Amino acid sequence: MNKNVVIVCYSLSGHTLDMAGEIKKGIASEGLSCSIFNLKEEMPERRAVEDASGIIVGTPVYLASAFWQVKKWLEEDSLPFRFAGKLGGAFATAHYAQGGADSAIMEILGQMLVKGMLAYSGGSACGLPFIHHGPVALDREGNHFDGSREMFRIFGSRFALKIKELGI
């Protein structure tokens, strides 16, 4: 069975989509396939989501929350989809360290738990870099955005390894 991951995100400026691409590279490095759907341009195909072993949702942070289009997809547009038993993860892009990225990620992970998904966190168990809830890239904090690329690839790699470990 071909294991694959679907990344669903909303990207207006391109930052969130850029980091989705980094996660995809990490997933591919472990031999899994990955599709990215940017809600700004297209809705994820139901079959792609239901056939996926894992789903990662990415959001820009707006008022310390997930962007409304991401919440709408999770709360309304994907209601008929089957999520139960899949591995779920989340990531965010933000302007500042105290901009609410953790709140946005936890909001997404909470939705995933309600849908019967297994929420992924490498926490500190995987060693450095510690990625507790999900990776965050900040675009107005020095070189943090570009410096975060490797962390996003590592997150993708670890996520794929967990899918293999769980056999889903």
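Our structure's up above, just so we're on the same page.
Residues numbered from 1 in each chain as written. Predicted model: local features only at pLDDT ≥ 70, side-chain atom pairs only at ≥ 80, totals over all residues. Heavy atoms only, no water.

Let's talk about unusual backbone geometry
Note the cis peptide between Leu128 and Pro129, where omega equals -5 degrees. Within the element layout of this structure, Pro129 appears in the loop between β6 (118-119) and β7 (136-138). Positive phi is not limited to glycine here, since Leu63 has a value of about 55 degrees. (Helix = DSSP H or I, 4+ residues; strand = E, 2+ residues; numbered from the N terminus.)

Some thoughts on the environment of Glu41
By the secondary structure assignment, Glu41 is in the loop between β2 (33-38) and α2 (46-51). In this structure the C-alpha to C-alpha distance between Glu41 and Leu12, which are 29 residues apart in sequence, comes to 9.7 Å.

Looking at the pairing of β2
Judged from the six bridges that link them, strand β1 (residues 4-9) and β2 form a sheet pairing that is parallel. Paired with Val6 across the bridge in β2 is Ser35. Taken together, β1, helix α1 (residues 15-29) and β2 constitute a β-α-β crossover, and its handedness is right-handed. (Pairing = 2+ DSSP bridges. Right-handed = clockwise from strand over helix to strand, strands pointing away.)

A word on the side chain of Lys115
Residue position: Lys115 is located in the loop between α4 (101-114) and β6. Buried charge Lys115 goes without a salt bridge, the closest partner of opposite sign being Glu75 at 8.7 Å. For Lys115, the residues in contact, after removing those within four places along its chain, are Leu74, Ser78, Leu79, Phe83 and Ala84. (Buried < 20%, exposed > 50% of the residue type's maximum accessible area, 1.4 Å probe, protein only. Lys, Arg positive; Asp, Glu negative; His and termini not counted. Salt bridge = Lys/Arg side-chain N within 4 Å of Asp/Glu carboxyl O. Contact = heavy atoms within 4.5 Å.)

A word on the nonpolar core
Within the largest apolar cluster, 30 residues are counted, with the highest numbers of intra-cluster contacts made by Val6, Val49, Val57, Val70, Trp73, Phe83 and Ile108. Contributions of two or more residues to this core are made by β1, α2, β3 (54-62), α3 (68-77), β5 (87-94), α4 and β7. Per element, the largest residue contribution to this core is six residues, and it comes from α4. In contact with Trp73, other than residues within four places in its own chain, are Val8, Leu39, Met43, Pro44, Val49, Val57, Ser78, Phe81 and Phe83. With 22 residues, the next largest nonpolar core counts Cys9, Met19, Leu87 and Ile131 among its residues. (Core = buried A, V, L, I, M, F, W, Y, C linked by side-chain atoms within 4.5 Å.)

That is the geometry; function is a separate question.
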